[in-house]
Amino acid sequence: YRFNSEDRRLERCCQMAVMLMESLAGFEHKYSWSLVGHSGDGPVVQLVDYDAPPANRHERLQILQKMWAHAQFCMSGDHTLEAAEAAVSEVASKEAD
């Protein structure tokens, strides 16, 4: 939140999330996906659970609001490496093609 005025990173992350959610809408039968962020509060901020994608525009907006609010009130810090490790472990633990 505090760096958004400098480089618009939060805005770009929200745009990416919208693009992802919009592009996967209607393909729930084909893809299982989740959306996870990280912040100074920790390496895993669960935004969308596997097999529970947002069903409509209102639910997608709620996810964006959660992203914005979390960024506004989280502690400072960096958990990028821990987040990458957690993401790889999570994906590797799931059944895939």
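Preceding block: the structure.
This section reports on the structure supplied with the text. (Residues numbered from 1 in each chain as written. Predicted model: local features only at pLDDT ≥ 70, side-chain atom pairs only at ≥ 80, totals over all residues. Heavy atoms only, no water.)

1. Focus: empty space enclosed by the protein
What the rule picks out here adds up to one cavity of 30 Å³ or more. Computed from the structure, the largest cavity encloses a volume of approximately 30 Å³. As for the largest cavity, its lining consists of Met 21, Leu 24, Ala 25, Glu 28, Trp 33, Pro 53, Pro 54 and Arg 60. (1 Å grid on protein atoms, 1.4 Å probe; cavity = no way out; pocket = protein on both sides within 12 Å on 5 of 7 lines; lining within 4 Å. Points joined across faces, edges and corners; volume = space filled by probe spheres on them.)

2. Notes on the environment of Lys 94
Structurally, the position occupied by Lys 94 is in the segment after helix H4 (80-93). Each C-alpha atom, one on Lys 94 and one on Asn 4, is 34 Å from the other, the two residues being 90 residues apart in sequence. (Helix = DSSP H or I, 4+ residues; strand = E, 2+ residues; numbered from the N terminus.)

3. Here we look at the environment of Leu 61
For Leu 61, the position within the fold is in helix H3 (residues 57-73). In the structure, Leu 61 is positioned 31 residues away from Ala 92 in sequence and 29 Å away in space, judged by C-alpha atoms.

4. Looking at the pairing of strand E2 (residues 42-48)
Here strand E1 (residues 35-39) runs beside E2; their pairing, made up of four bridges, is antiparallel. Bridge assignment links Val 36 to a residue of E2, and that residue is Gln 46. Hairpin remark: E1 followed by E2, antiparallel, with two residues in the connecting loop. (Pairing = 2+ DSSP bridges.)

5. Thoughts on unusual backbone geometry
Even without being glycine, Arg 8 reaches a positive phi, approximately 60°. One can find Arg 8 in the loop between helix H1 (4-7) and helix H2 (9-24). Look at Asp 51: it is not a glycine, yet its phi comes out positive at around 60°. Along the chain, the position of Asp 51 falls in the loop between E2 and H3. Here Asp 51 falls in the exposed class, since its relative accessible area comes to 64%. (Buried < 20%, exposed > 50% of the residue type's maximum accessible area, 1.4 Å probe, protein only.)

6. So, H3
Taking 1.5 Å of rise per residue, 17 residues should cover 24 Å, and H3 covers 24 Å from first to last C-alpha, within 8% of that figure. Among the residues making up H3, those that are buried are Arg 60, Ile 63, Leu 64, Met 67 and Ala 71. All buried residues of H3 project into a common sector of 95° when viewed along the axis, lining one side. The outward face of H3, more than 90 degrees from its buried face, is lined by the exposed residues His 58 and Phe 73. Against the buried residues of H3 lie H2, E1 and E2. Between a side-chain oxygen at the N-terminus of H3 and the backbone nitrogen of His 58 the separation is 3.1 Å; the capping residue is Asn 56. (Expected span 1.5 Å × (residues − 1). Arc of directions from axis to C-beta. Contact = heavy atoms within 4.5 Å. Polar contact = N/O pair within 3.5 Å; in protein donor to acceptor, adjacent residues only side chain to side chain.)

In short, the description is geometric, and any link to function would need to be established separately.
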